[in-house]
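Chains, contacts and geometry: an overview
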Amino acid sequence: MKIGQRRSKQRELILEELKGVTCHPTADELYELVRKRISNISLGTVYRNLELMASTGVILKIESGGKNRFDGNATPHPHMRCTECGKVEDLMFPVNVPVPDQLEASGYKVTGCTIEYYGICPDCKNIC
Ligand SMILES: [Zn+2]
Ligand SMILES: [Zn+2]
């Protein structure tokens, strides 16, 4: 197999694993999953492919809580983050965010908005 083919095969597998989970893994967490399928893959390869796919809009990068997390669902959707354990979950109901007139007046054409709520998840709340 040519190197280029192997690279895109690896990217496909990384994307497949990411789409298969809903926990918004960090690169390290995803690496652990992908490694079960490609035992000789390096953490650097996983990082590079995630950054590349995020920059081309194939996946979402969630920069929050000091860690980058990745989401196989590239359509912007609201998230809920636990400030105790750091997990990020999707909200299963739509959230309509108004676009203030001031934003339009600033000359920008607003094309999207990311929403992240944060707080303490039910699991962590029970421990506290
Ligand atoms: Zn929690
Ligand atoms: Zn998500």
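The structure displayed is predicted, hence computed values, not measured ones.

Located in the positive-phi region is histidine 24, a residue other than glycine, with phi close to 55°. Here histidine 24 is to be found in the loop between α1 (3–19) and α2 (27–35). With 23 C-beta atoms packed within 10 Å, histidine 24 lands in the buried category.

Bringing the sheet that holds strand β5 (residues 116–119) into the picture now. Ordered by their spatial adjacency, three strands build an open sheet running β4-β3-β5, and the pairing between neighbours is mixed. Pairing within the sheet leaves two strands with one partner each, and these edge strands are β4 (88–90) and β5. Each strand of the sheet is rotated relative to its neighbour by a mean of 25°, with strand direction disregarded. Note that strand β3 (residues 79–82) and β4 share three bridges and pair antiparallel. Pairing of arginine 81 across the sheet is with valine 88, part of β4.

As a measure of interface size, the accessible area lost when the parts come together is often cited. When its domains are assigned, the protein resolves into domain 1 (1–74) and domain 2 (76–128). Taking only C-alpha atoms, the centre of domain 1 and the centre of domain 2 are 23 Å apart. Facing nine residues of domain 1, the contacting portion of domain 2 comprises eight residues. Taken together, the elements giving at least two residues each to the side of domain 1 that touches domain 2 come down to β1 (60–64) and β2 (67–71). Looking at side-chain class alone, the side of domain 1 that touches domain 2 contains two nonpolar, five polar and two charged residues.

One finds Ile14, Leu18, Ala27, Leu30, Tyr31, Val34, Val46, Leu50, Met53, Ile59, Leu60 and Phe70 forming the largest nonpolar core, which totals twelve residues. Where this core is concerned, the elements lending two or more residues are α1, α2 and α3 (43–55). In terms of residue count, the dominant contributor to this core is α2 (four residues). With residues near it in sequence (within four places) discarded, leucine 60 still touches Ala54, Phe70, Asp71, Asn73 and Ala74.

It is the contact of α1 with α2, at a shortest axis distance of 10 Å, that shows an interaxial angle of 110°. With respect to each other, α1 and α2 are oriented roughly perpendicular. Remark: the crossing between α1 and α2 carries right-handed chirality. When α1 is examined against α2, the residues Leu13, Ile14, Glu17 and Leu18 are found in contact with a partner set consisting of Leu30, Leu33 and Val34. Grouping the amino acids of the contact of α1 with α2 by side-chain chemistry returns six nonpolar, no polar and one charged.

We now examine the packing of α2 against α3. Helix packing geometry: the angle between the two helix axes and the distance between the axes. One way to put it is that α2 packs onto α3 with a least axis distance of 9 Å and a crossing angle of 115°. Relative to α3, α2 is oriented so that their crossing is right-handed. Counted together, Ala27, Leu30, Tyr31 and Val34 of α2 and Leu43, Val46, Tyr47 and Leu50 of α3 form the full contact between these two elements.

How each quantity is defined
- All residue numbers refer to positions counted from 1 along the written sequence of the respective chain.
- Both sets of labels track the order of writing: A upward for chains, 1 upward for ligands.
- Totals for whole chains, interfaces and linings use every residue, but because this is a predicted model, local features are given only for residues with pLDDT of at least 70 and side-chain atom pairs only at 80 or more, for both listing and counting.
- Secondary structure follows DSSP: runs of H or I at least 4 residues long count as helices, runs of E at least 2 residues long count as strands, and numbering of each begins at the N terminus.
- Residues with at least 20 neighbouring C-beta atoms inside 10 Å of their own are called buried, those with 12 or fewer are called exposed, and the rest are partly exposed, where every C-beta is derived from the backbone.
- Any two strands with at least two DSSP bridges between them are considered paired.
- Geometry is summarised by axes, namely lines fitted to C-alpha atoms with helices restricted to the contacting stretch, and by angles between N-to-C directions that run from 0 to 180 degrees.
- What fixes the domain bounds is an automatic or database domain assignment.
- The contact rule is simple: place each C-beta atom from the backbone, and if two of them lie within 7 Å, those residues are in contact.
- Note on residue categories: nonpolar means Ala, Val, Leu, Ile, Met, Phe, Trp, Tyr, Cys or Pro, charged means Asp, Glu, Lys or Arg, and polar means any other residue, Gly included.
- Each nonpolar core consists of buried Ala, Val, Leu, Ile, Met, Phe, Trp, Tyr and Cys residues. Their C-beta atoms, within 7 Å, join them into a set.
- With respect to orientation, any angle under 35 degrees is reported as roughly parallel, any angle over 145 as roughly antiparallel, any angle of 65 to 115 as roughly perpendicular, and every other angle as oblique.
- In this scheme the crossing of two helices becomes right-handed for a clockwise turn of the near helix relative to the far one and left-handed for an anticlockwise turn of less than a right angle.

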